[in-house]
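# Survey of secondary and tertiary structure
Each chain, letter by letter, is given below.
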Amino acid sequence: MLYIKSIDGLRAIAVSLVIVFHFFPTVIPNGYLGVDLFFVISGFLISKIIHKKILEERFLFKDFYLSRVRRILPATLAVLVTTSIMALLLMTAPDLMRYAESLLSSIGFSANIYFWRTGGYFGFNDTLKPLLHIWSLSVEEQFYFLFPLFFYCLYKYSRSKSLIYFIFSILILLSFFLNIYLLSIGGSNPAFFLTPARAWQFACGAMFATFELSRQPQIYSRALSLIGITLVLVNFIYVPVTFPDATLLTIGACMFLCQSHLKTLLINKILSLNSMRFVGKISFSLYLWHWPVVVFVNYVWLDTPSTFILLLSLLFTLILSTLSWRYIEEPLRQASSSKKTYMIVVSSSFCLILFSSIALYYKGFPERHSDMVNKLSENIGTHYRCSIDQYRSYNGTRACAFGEDVSKEFTVALVGNSHAQMYAPAFEKSLTSSNKRGLLIPLSGCLPTINYNISSECLNLAQRNYHSVLEDKKIKTVILALTWHFDHLVDQAGYNFIDSDFSLRKRELKLLIDSFNKKGKNVYLLGPLDIPGYEFASKASRSLMFYGTSLKRSREVEEFYAKYGDIIDYFLRNMGGNYILPHKYFCDKSNCYFADENGSFYSDSNHLSSLGVKKLIDIFDPIISDNTKEKK
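Analysis parameters
- Residues numbered from 1 in each chain as written.
- Predicted model: local features only at pLDDT ≥ 70, side-chain atom pairs only at ≥ 80, totals over all residues.
- Heavy atoms only, no water.
- Helix = DSSP H or I, 4+ residues; strand = E, 2+ residues; numbered from the N terminus.
- Rg over C-alpha atoms; globule rule 2.2 N^0.38 Å.
- Buried < 20%, exposed > 50% of the residue type's maximum accessible area, 1.4 Å probe, protein only.
- Lys, Arg positive; Asp, Glu negative; His and termini not counted.
- Charge placed at Lys NZ, Arg CZ, Asp CG, Glu CD.
- Axes fitted to C-alpha atoms, helices over the stretch in contact; angles between N-to-C directions.
- Parallel < 35°, antiparallel > 145°, perpendicular 65-115°, else oblique.
- Left-handed = near helix turned anticlockwise from the far one by under 90°.
- Contact = heavy atoms within 4.5 Å.
- Nonpolar A, V, L, I, M, F, W, Y, C, P; charged D, E, K, R; others polar.
- Pairing = 2+ DSSP bridges.
- Phe/Tyr/Trp six-rings, centres within 6.5 Å; stacked < 30°, edge-to-face > 60°.
- Expected span 1.5 Å × (residues − 1).
- Bend = angle between axes of the 7 residues up to and from the residue.
- Salt bridge = Lys/Arg side-chain N within 4 Å of Asp/Glu carboxyl O.
- Core = buried A, V, L, I, M, F, W, Y, C linked by side-chain atoms within 4.5 Å.
- Disulfide = S-S within 2.5 Å.

### A short note on the overall build of the protein
Secondary structure summary: the protein contains 25 helices and 14 strands in total. Rg of the C-alpha trace for the protein: 27 Å, near the compact-globule value of 26 Å for 632 residues, within the 12% margin. Referenced to the eigenvectors of the C-alpha coordinate spread, the extents of the protein come out at roughly 80 × 55 × 45 Å. Taking all 632 residues of the protein together, 56% fall into the buried category. In the protein, 62 positive and 47 negative side-chain charges are present, and the distance between their average locations comes to 9 Å.

Written out as structure tokens, the structure is:
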């Protein structure tokens with residue numbers, strides 16, 4: 001087996017940064033890029049092994065895939081079994097059902113697709129998903145399902161190294177620019193989770209695995225190695241704006257890896273130290289165990305755990321990972337007979353599938369907790385997301401299509417970020433009842449404003465969407481929605497502003513409305529809601545379950561008007577009936593409510609849940625059904 005000591009040291013860097021990021025997110029905000037470093041290392045090592053065996057005429061596909069089973073599954077299944085027991089003991093019934101779904105996707109190595117479609121990676125609700133980290137294993141195994149055949153054919157039947165490198169370069173560029181394209185249209189989630197957008201990192205490592213640079217002068221080797229490791233470390237501090245986050249890291253890792261076999265280089269000597277190598281050797285077990293520990297600690301502690309608790313949890317993770325590596329990962333990977341390993345893998349997988357099926361069939365065993373705990377919990381993460389079949393290409397960006405009569409044109413556009421998308425069930429209901437078609441044009445965390453926005457990338461996306469809708473003569477009605485509580489803005493020059501008095505957003509929205517009106521479009525604007533400001537559904541259900549205490553379900557209406565009263569009055573004066581007030585559905589003369597006896601109106605800290613949307617399901621009826629208001 002191919003073994004390069006310094007690569008274990010590089011693994012140690014990768015896993016350490018990931019773990020620090022998950023336990024202490026503010027210490028190394030870009031620590032999540034450690035997973036990207038694993039991808040490059042994996043592509044390099046796997047390709048190095050395959051290439052060596054091809055040259056020795058010893059490569060067999062059966063042996064390759066069976067070695068992957070022995071390497072990945074025993075430790076992974078041990079984590080899945082343990083995590084399932086903890087989930088059954090600690091989680092609410094709806095959370096256990098979501099866990100069971102993620103467990104099935106993890107066993108089938110499709111966790112990346114599941115988590116792409118059900119949330120993301122950086123949201124609060126995502127941090128309470130015990131198997132979220134399995135997404136990266138799914139990406140890796142999906143890549144290696146077909147890559148060995150591609151690699152084998154390339155090196156077995158091509159006699160030109162230049163042609164091989166050219167083909168690799170095409171593969172890398174296609175995947176790299178797919179990633180950039182997805183980011184440019186607001187598809188940060190698919191760019192993060194999906195294998196085609198990640199393949200360039202594996203392929204970069206694979207291509208560099210066959211470079212023969214050992215005959216280079218020492219000075220060049222030292223320079224490449226030093227520059228490479230510098231780029232890797234710099235990327236954890238600085239993330240490029242116009243390229244995928246891990247671009248510098250990927251280039252640097254490849255430069256380092258092709259010199260990693262040279263034992264005389266200083267950086268290789270440092271990374272080959274026993275302490276570094278040990279962390280590198282247990283890095284897979286560390287990665288597998290650390291995230292469920294983080295999740296369950298945070299699940300029980302409603303607020304952020306103390307530093308002492310986190311440090312204890314970190315120590316527990318290190319001990320658990322060492323034991324897992326010593327008694328599960330290594331023995332079963334190196335067993336002389338594979339029969340025992342395969343029996344354990346098959347039996348464990350069967351038991352986990354059975355557990356998931358039973359948990360889903362019995363709806364997470366709701367009798368374990370009170371009815372209110374379950375009602376609050378079942379609304380977590382239920383804000384609307386467009387299904388894949390609803391997406392359409394729209395003037396260089398993307399849109400989500402609604403309306404049953406495909407013979408009709410799209411005449412209504414709902415434009416905004418997730419605070420537009422969360423209204424989609426009501427939007428769809430009104431379109432269907434009026435026999436019209438409409439588009440939801442998402443902005444993926446950005447405001448619709450074109451001169452001030454949340455980031456420079458948001459400005460570019462908002463401007464592109466603005467011009468697309470403005471010049472679309474078929475769109476007669478435009479509905480704008482946005483995140484009203486976010487006041488940190490950036491202008492086109494990159495300067496930061498705090499828009500605490502709404503003056504910038506007021507001016508920007510007025511500009512959009514006037515521009516659309518001049519093009520003959522009827523414009524509506526959705527006003528603010530009194531959002532909880534914290535993960536209400538999750539925290540309220542866990543507080544009631546663990547501690548028997550109910551969180552306050554409302555806030556005095558005076559607080560809402562103190563914050564938003566002036567901006568509401570301004571747009572009511574300027575827009576009249578075209579300014580829609582969704583807060584009226586949740587506020588009375590005394591309070592604004594976050595929940596009732598049926599559950600939570602909010603799926604997280606600020607998005608309406610499926611229950612919340614039902615309260616205002618008719619909000620778009622006057623807009624969409626009244627044809628006389630559409631300007632000709």
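### Thoughts on the environment of lysine 52
With respect to the helices and strands, the residue lysine 52 is situated in helix H2 (residues 34–55). For lysine 52, a relative accessible area of 39% translates into the label partly exposed. For lysine 52 and threonine 210, which are 158 residues apart along the polypeptide, the C-alpha to C-alpha distance reads 9.3 Å.

### Side note on the packing of H2 against helix H9 (residues 199–209)
At a minimum axis distance of 7 Å, the contact between H2 and H9 shows a crossing angle of 40°. In terms of orientation, H2 lies oblique with respect to H9. In this structure, H2 meets H9 at a crossing whose hand is right-handed. For the pair formed by H2 and H9, the contact residues are Asp36, Phe39, Val40, Ser42, Gly43, Phe44, Ser47 and Lys48 on the first element and Gln201, Phe202, Gly205, Ala206, Phe208 and Ala209 on the second. Its residues placed into classes, the contact of H2 with H9 shows seven nonpolar, five polar and two charged.

### Points about the sheet that holds strand S3 (residues 410–416)
Strand order in the open sheet made by the seven strands is S1-S2-S4-S3-S6-S9-S11, with mixed pairing throughout. Only two strands of the sheet have a single partner each, and these edge strands are strand S1 (391–394) and strand S11 (579–580). Across four bridges, S1 lies against strand S2 (residues 397–402) in antiparallel orientation. Bridge pairing links tyrosine 391 to cysteine 400 in S2.

### Quick notes on the packing of aromatic side chains
Working definition: an aromatic ring pair is given by the centre-to-centre distance plus the angle between the planes. Counted under the stated rule, the structure contains 58 aromatic pairs. With a centroid separation of 5.1 Å and an interplanar angle of 80°, the aromatic rings of phenylalanine 64 and tyrosine 65 are classed as edge-to-face. We classify tyrosine 65 as partly exposed; its relative accessible area is 31%. Aromatic pair phenylalanine 143 and phenylalanine 147: ring centres 4.8 Å apart, planes at 25°, arrangement stacked. Taken together, the residues phenylalanine 143 and phenylalanine 147, both in helix H6 (residues 134–157) and four residues apart, mark about one turn of the helix.

### Notes on the sheet that holds strand S5 (residues 452–453)
Spatial ordering of the open sheet is given by S5-S7-S8, a layout of three strands whose pairing is antiparallel. Taken across any chain shown, the strands that pair with only one partner, and hence form the sheet edges, are S5 and strand S8 (496–498). When strand S7 (residues 488–491) meets S8, the two strands line up antiparallel, connected through three bridges. Across the sheet, the residue bridging to valine 490 is asparagine 496, located in S8.

### Digging into unusual backbone geometry
With phi around 50°, phenylalanine 109 is a residue other than glycine that occupies positive phi space. By the secondary structure assignment, phenylalanine 109 is in the loop between helix H4 (93–107) and helix H5 (111–118).

### Looking at helix H15 (residues 307–333)
With 27 residues, H15 extends 36 Å from end C-alpha to end C-alpha; this agrees with the ideal 39 Å at 1.5 Å per step. Of all the bends in H15, the largest measures some 40° and sits at tryptophan 325. Turning to H15, its buried residues are Ile309, Leu310, Ser313, Thr317, Ser321, Ser324, Trp325, Glu329, Glu330 and Leu332. Check the buried side of H15 and you find it contacts helix H1 (5–23), helix H3 (61–90), helix H13 (274–281), helix H14 (283–300) and helix H16 (339–361).

### Observations regarding the pattern of salt bridges
Summed over all chains, the structure comprises 20 salt bridges. One salt bridge in this structure joins arginine 71 and glutamate 329, with 2.9 Å as the shortest N-O distance. Here arginine 71 is found in helix H3, whereas its partner glutamate 329 is found in helix H15, with 258 residues between them in sequence. Take arginine 71 and glutamate 329: they sit in the same class, and that class is buried. In this structure, a network of salt bridges that share partners links the residues Lys52, Glu56 and Arg58.

### Things to note about the nonpolar core
In this structure, Trp135 and Phe168 are the most contacted members of the largest nonpolar core, which totals 114 residues. Sorting elements by how many residues they give to this core places H14 first, with 12 residues. If sequence neighbours within four positions are ignored, phenylalanine 168 has contacts with Phe147, Phe150, Phe151, Leu154, Tyr155, Ala203, Ala206 and Met207. Membership of the second largest hydrophobic core comes to 45 residues, among which are Ala413, Leu443, Tyr466 and Ile567.

### A short note on the state of the cysteines
Evaluated as defined, the whole model comprises three disulfides. Here cysteine 446 engages in a disulfide with cysteine 458; their sulfurs sit 2.0 Å apart. Taking the torsion about the sulfur-sulfur bond, which here is approximately -70°, the covalent link between cysteine 446 and cysteine 458 counts as left-handed. Here cysteine 446 is found in the loop between strand S4 (437–442) and S5, whereas its partner cysteine 458 is found in helix H20 (residues 456–470), with 12 residues between them in sequence. Judged by its relative accessible area of 5%, cysteine 446 is buried.

### Describing the pairing of strand S9 (residues 522–526)
Extensive coverage of S9 is indicated by the burial of five of its five residues. Residues Asn522, Tyr524 and Leu526 point to one face of S9 and Val523 and Leu525 to the other, with burial holding for every one of them. Relative to S9, strand S6 (residues 477–481) is paired through four bridges, and the arrangement is parallel. In the strand pairing of S9, threonine 477 is matched with asparagine 522. Strand direction decides the pairing type here: S9 and S11, joined by two bridges, are parallel. Each bridged residue has a counterpart across the sheet, and for leucine 525 the counterpart in S11 is tyrosine 579.

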